[in-house]
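# Geometric and topological summary
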Amino acid sequence: MKREHGHRETSSVKAGSSSMTANKEEAGGFDELLVVLGYKVRSSDMADVAHKLEQLEMVLDDGNSHLSDDTVHYNPSDLSGWVDSLLFDLNPTCDQVIPDQDSEYELSAIPGSAAYPRGKRTRTGSNSSTTRSMVVLDSQETGVRLVHALLACAEAVQQNNLKLADVLVKHLGLLASSQAGAMRKVATYFAEGLARRIYRIYPRDDVGLSSFSDTLQVHFYECCPYLKFAHFTANQAILEAFATAEKVHVIDLGLNQGLQWPALIQALALRPGGPPDFRLTGIGSSLTGQSIQEVGWKLGQLANAVGVNFEFKSIVLNSLSDLKQEMLEIRTGSESIAVNSVFELHRLLAHPGSIDNILLTIKSIKPDIITVVEQEANHNGAVFLDRFTESLHYYSSLFDSLEGPPSQDRVMSELYLGRQILNLVACEGEDRVERHETLAQWRNRFTMGGFKSVSIGSYAYKQASMLLALYAGADGYKVEENEGCLLLGWQTRPLIATSAWRFNRVE
Amino acid sequence: MAGGNEVNLNECKRIVPLNTWVLISNFKLAYTLLRRPDGSFNRHLAEFLDRKVPSNSFPLDGVFSFDHLDTSTNLLTRIYLPAPLDPSRYGAVDLTEPLSATEIVPVLVFFHGGSFTHSSADSAIYDTFCRRLVTICGVVVVSVDYRRSPEHRYPCAYDDGWNALRWVKSRIWLRSGEDSSVYVYLAGDSSGGNIAHNVAVRATREGVKVLGNILLHPMFGGVERTQSEKRLDGKYFVTIQDRDWYWRAYLPEGEDRDHPACNPFGPRGQSLEGVDFPKSLVVVAGLDLVQDWQLAYVDGLRKNGRDVNLLYLKQATIGFYFLPNNDHFHCLMDELKKFVHSIEEDSQSKSCPILLTP
């Protein structure tokens, strides 16, 4: 702790001085007498800090006088913040009014994975434990305080304590705005999600903004390697499955802007022995109907340019579960089929039975390969708080990986992800479509459905790693292989997973 | 119980300035978190939470300080001196010359409080207090660290205190006066006061001259529950329960609070009669639940024929001297100053003037 220089104090003693007065000399708003003793408390905050101390006293009197093992301690000189954090830790359901605080303490963003420990305890009330480990941070990281505040608010929502949630969410806005970088953005989205949930101002239905959402995805594609990785790895699996086929048919369950296919077309063109006839069926929602045709047309142009016979068909659906075998006009026996889904399947989990419908349909067309890319996270748990916690961690990592010099692509990517967050946090029932599940969960579902895993192979893994190094400068991205599937992550956290399947035909 | 607490807290808040209340409540709160029911102590967290300051060889507000670290014990001693009159000597520490060849410069050997468990010489609260002692009372202060409980029990703190006294007595650069000797007063607050008493006892036994003892709401106790303990339990930052915890942590295992370290004039206490025990200034805070034991201590000294001044500050709570924003602080400083500069008029009077403040 630095000694405060220039501290003025009268060393002369006045005998019989008048009755007690609190010394209100202020240095930068802080009570000067306390500053010298190592505590920074604004004179204007003194009463509030006193109040909080009283509250803590009452909490401790209830016999809850030990800290949980993963209590994080903040800078003790910031008495107000330290007391705040203890209040949240020891009694997160206490009904407190939190005044506006503008913080002068230096703040910096925290990488998502470090923001708080994984597997954080689920609170059922006070818990005491006999182990002695403890996490201590001697820093002024209000970023971690912010995370705690977010979780406290989510917990209030979980417990339907909307009065408390209301207080906390207002406080959140302020806390978040005093942050910087990735943490600020993530916190702002999550706080907005909470606010929407509390006040029941649900985000507009995504379908109405579908074309906008396509645009956002393009920016996301441009700005970071996740989609490129997804496309690349899926294409590798498809290419291998199509190795000797003369006619190939790719069914894309979510065509969007068709960003995945130029590379495949080019790869097919370069196939030894010449390209196969390439047929693409692109599926989209009703409001993008027109632009699907355009996408198909553009891909056709490209195919022509590289000498690949190209056929295109579009299917417009409200939901993938409406997809029927007949719509696909399969030419049985004469074409190899690939079904491709990038971030589409999880949406079907919002409606009971939908996922089974699509899997049935897929089985019925007997594809040679099914490629699936999904977010590597469980954001579909039954308990809101668990979903909230998981996704906070997930998107913190994701946003963290996006950090860099500002650009249009980056801003739009953040919006793209932000909309996912809002849906995840604020919506329920059929409106909540961002129901991400982990690779393990998808594996289970596919295996139970009679599908068999197809290994994506070490060539794809090596290529992916190389490409990543080229594009992203190998900064924090990591490619991982997991029982034939490939994952791309940031730092230690896997974020998306590609898997490939085929259906066990019953002979 | 919540209702009762609210009353207590409100009353307490009226008595002390708000920032004092915040400061002491914060300590109380932190200490509650550190003490474990099984008697162990969260030392790492304690060290983390303790606000510490470095020494400064360049004078600030007329005081400079430097540290001496005993490498065999890892105990810190911090020495506070008035700034040299000549600014060209700022930043330099002369360890070869006495403080003065003509004047007597009292050296206060100060044992910080913390109920034998908390704080250090470099804790901000004690560093600041010692610096104020230098400027206000015109003394040199040697602030001493001692091994703390529960890791180190009785008699470690006393042994360390005794060693510190001998060290101070043997420093050339702490000598003063025409006879060039070290004029030592022992002082301490809370557990430090208890240590000061015990070090003085040993000094007396071994013929080391101590000019006076200053005990600032010293930490004493006993098995019996006194009136003041019952009356003030939980009302002004301190509870009987926490006092018990600290005694259990300091006294040898299996001992009770009538052990002489805790209860020096109790059933197992020792007599000081006929022994050249130094004169004492005992400061009692009128809102300290331990006061009956402190008053019993004063009585005990008196009965043994020892010279003792009692400064009873009726409306003071523990820790009143950490902030100079109240009358008690200034009153204390006045009395202290008189006490340490009264060697010239060394009175053998056995009377015990009692000073009270409204």
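These numbers come from a predicted model, not from an experiment. (Residues numbered from 1 in each chain as written. Chains lettered and ligands numbered in written order. Predicted model: local features only at pLDDT ≥ 70, side-chain atom pairs only at ≥ 80, totals over all residues. Heavy atoms only, no water.)

Counting secondary structure elements, chain A contains 16 helices and 13 strands. Each of the 507 residues in chain A was classed as buried or not, and the buried ones make up 54%. Here the contacts in chain A between residues at least 6 apart in sequence split such that 77% fall between residues at least 24 apart. With the model as given, the accessible surface of chain A reaches about 22,000 Å², and the carbon-plus-sulfur share is 51%. (Helix = DSSP H or I, 4+ residues; strand = E, 2+ residues; numbered from the N terminus. Buried < 20%, exposed > 50% of the residue type's maximum accessible area, 1.4 Å probe, protein only. Contact = heavy atoms within 4.5 Å. Areas by Shrake-Rupley, 256 points an atom, 1.4 Å probe, with all protein chains shown as cover.)

Another aspect to go through is the packing of helix α5 (residues 156-169) of chain B against helix α6 (residues 191-206) of chain B. Residue and element names in this part refer to chain B. At a minimum axis separation of 9 Å, α5 and α6 run at an interaxial angle of 60 degrees. In terms of orientation, α5 lies oblique with respect to α6. You can see that α5 and α6 cross each other, and the crossing is right-handed. Where α5 approaches α6, its residues A157, Y158, D159, G161, W162 and L165 are matched on the opposing element by N194, I195, N198, V199, R202, A203 and E206. Looking at the contact of α5 with α6 residue by residue, the classes come out as 7 nonpolar, 3 polar and 3 charged. (Axes fitted to C-alpha atoms, helices over the stretch in contact; angles between N-to-C directions. Parallel < 35°, antiparallel > 145°, perpendicular 65-115°, else oblique. Left-handed = near helix turned anticlockwise from the far one by under 90°. Nonpolar A, V, L, I, M, F, W, Y, C, P; charged D, E, K, R; others polar.)

Residue and element names in this part refer to chain B. For the structure on display, the rule yields 36 salt bridges over all chains. Among the ionic pairs, R148 bridges to E47, the shortest N-O distance being 3.2 Å. A residue pair is termed long-range when its members are at least 10 positions apart, and R148 in the loop between β4 (140-144) and α5 and E47 in helix α3 (residues 43-49) qualify at 101 residues. Between E253 and R153 there is a salt bridge, with the nearest N and O atoms lying 3.9 Å from each other. With E253 in the loop between α8 (240-250) and β7 (279-285) and R153 in the loop between β4 and α5, this residue pair connects regions lying 100 residues apart in the sequence. When salt bridges that share partners are traced, they join E47, D50, K52, D122 and R148 into one network. (Salt bridge = Lys/Arg side-chain N within 4 Å of Asp/Glu carboxyl O.)

This part covers the pairing of strand β2 (residues 75-82) of chain B. Residues and elements named next belong to chain B. Burial analysis of β2 places 7 of its 8 residues in the buried class, which makes it a mostly covered element. Judged from the 8 bridges that link them, strand β1 (residues 63-70) and β2 form a sheet pairing that is antiparallel. In the strand pairing of β2, D70 is matched with L75. What sits between β1 and β2 in their antiparallel hairpin is a turn of 4 residues, with N74 showing a positive phi close to 65 degrees. Of the strand pairs in this sheet, β2 and β4 are connected by 4 bridges, and their pairing is antiparallel. Within the sheet, the bridge partner assigned to Y80 lies in β4 and is V141. (Pairing = 2+ DSSP bridges.)

This paragraph deals with unusual backbone geometry. All names here are of chain B. In this structure, P150 follows S149 across a cis peptide bond, with omega equal to 0 degrees. Note that P150 resides in the loop between β4 and α5. A cis geometry characterises the amide bond from Y154 onward to P155, with omega recorded as 0 degrees. In this structure, P155 sits in the loop between β4 and α5. Despite not being glycine, N74 has its phi angle at roughly 65 degrees, a positive value.

Let's shift gears to the packing of helix α9 (residues 225-241) of chain A against helix α10 (residues 261-269) of chain A. Residue and element names in this part refer to chain A. Their axes nearest at 10 Å, the elements α9 and α10 cross at an angle of 30 degrees. Relative to α10, α9 is oriented so that their crossing is right-handed. Residues N235, I238 and L239 of α9 touch α10, and the partners they reach there are W261, A263, L264, A267 and L268. Within the contact of α9 with α10, the residues separate by chemical class into 7 nonpolar, 1 polar and no charged.

Let's shift gears to the side chain of H217 of chain B. All names here are of chain B. Here H217 lies in the loop between β6 (212-216) and α7 (227-232). Among the polar contacts made by the side chain of H217, one reaches the side chain of Y321 at a distance of 3.4 Å. Not counting chain neighbours up to four residues away, the residues in contact with H217 comprise S190, V283, A285, D288, Q294, I318, G319, F320 and Y321. (Polar contact = N/O pair within 3.5 Å; in protein donor to acceptor, adjacent residues only side chain to side chain.)

Once that is clear, we can look at the environment of A187 of chain B. Residue and element names in this part refer to chain B. Checked against the element boundaries, A187 lands in strand β5 (residues 184-189). Once the C-alpha coordinates of A187 and I214 are considered, the two residues, 27 residues apart in sequence, prove to be 4.4 Å apart. Here A187 is in contact with L108, V109, F110, F111, G192, A196 and I214, once residues within four sequence places are set aside.

Residues and elements named next belong to chain A. Applying the stated criterion across every chain, the model contains 37 aromatic pairs over all chains. With a centroid separation of 5.4 Å and 55 degrees between ring planes, the pair formed by F451 and F503 is classed as tilted. Residue F451 is located in strand β10 (residues 451-454), and its partner F503 is located in strand β13 (residues 493-503); the two are separated by 52 residues in the primary sequence. For F451, a relative accessible area of 4% gives the class buried. Taking the relative accessible area as the measure of exposure, F503 reaches 18% and is therefore buried. (Phe/Tyr/Trp six-rings, centres within 6.5 Å; stacked < 30°, edge-to-face > 60°.)

Here we come to the UniProt feature "active site" (unreviewed entry) in chain B. Residue and element names in this part refer to chain B. UniProt's entry tags S190 with the feature "active site" (unreviewed entry), counted in the numbering of this structure. Mapped onto the fold, S190 is located in the loop between β5 and α6. Discounting residues that sit within four places of it in the chain, S190 has contacts with G113, G114, S115, L216, H217, P218 and M219. (UniProt positions renumbered as here; feature names shortened; annotations may be inferred.)

Residue and element names in this part refer to chain B. With respect to the helices and strands, A157 occurs in helix α5. For A157, a relative accessible area of 1% translates into the label buried. Through-space distance from the C-alpha of A157 to that of S191 is 9.4 Å; in sequence the pair is 34 residues apart. For A157, the contacting residues outside a window of four places in its chain are F116, Y146, R147, I195 and Y250.

Next up on the list: the environment of R445 of chain A. All names here are of chain A. Note that R445 resides in helix α15 (residues 439-448). With a relative accessible area of 23%, R445 lands in the partly exposed category. Expressed as a C-alpha distance, the spacing of R445 and I355, which sit 90 residues apart in the sequence, is 9.6 Å. At 2.9 Å, the side chain of R445 and the side chain of E437 are in polar contact.

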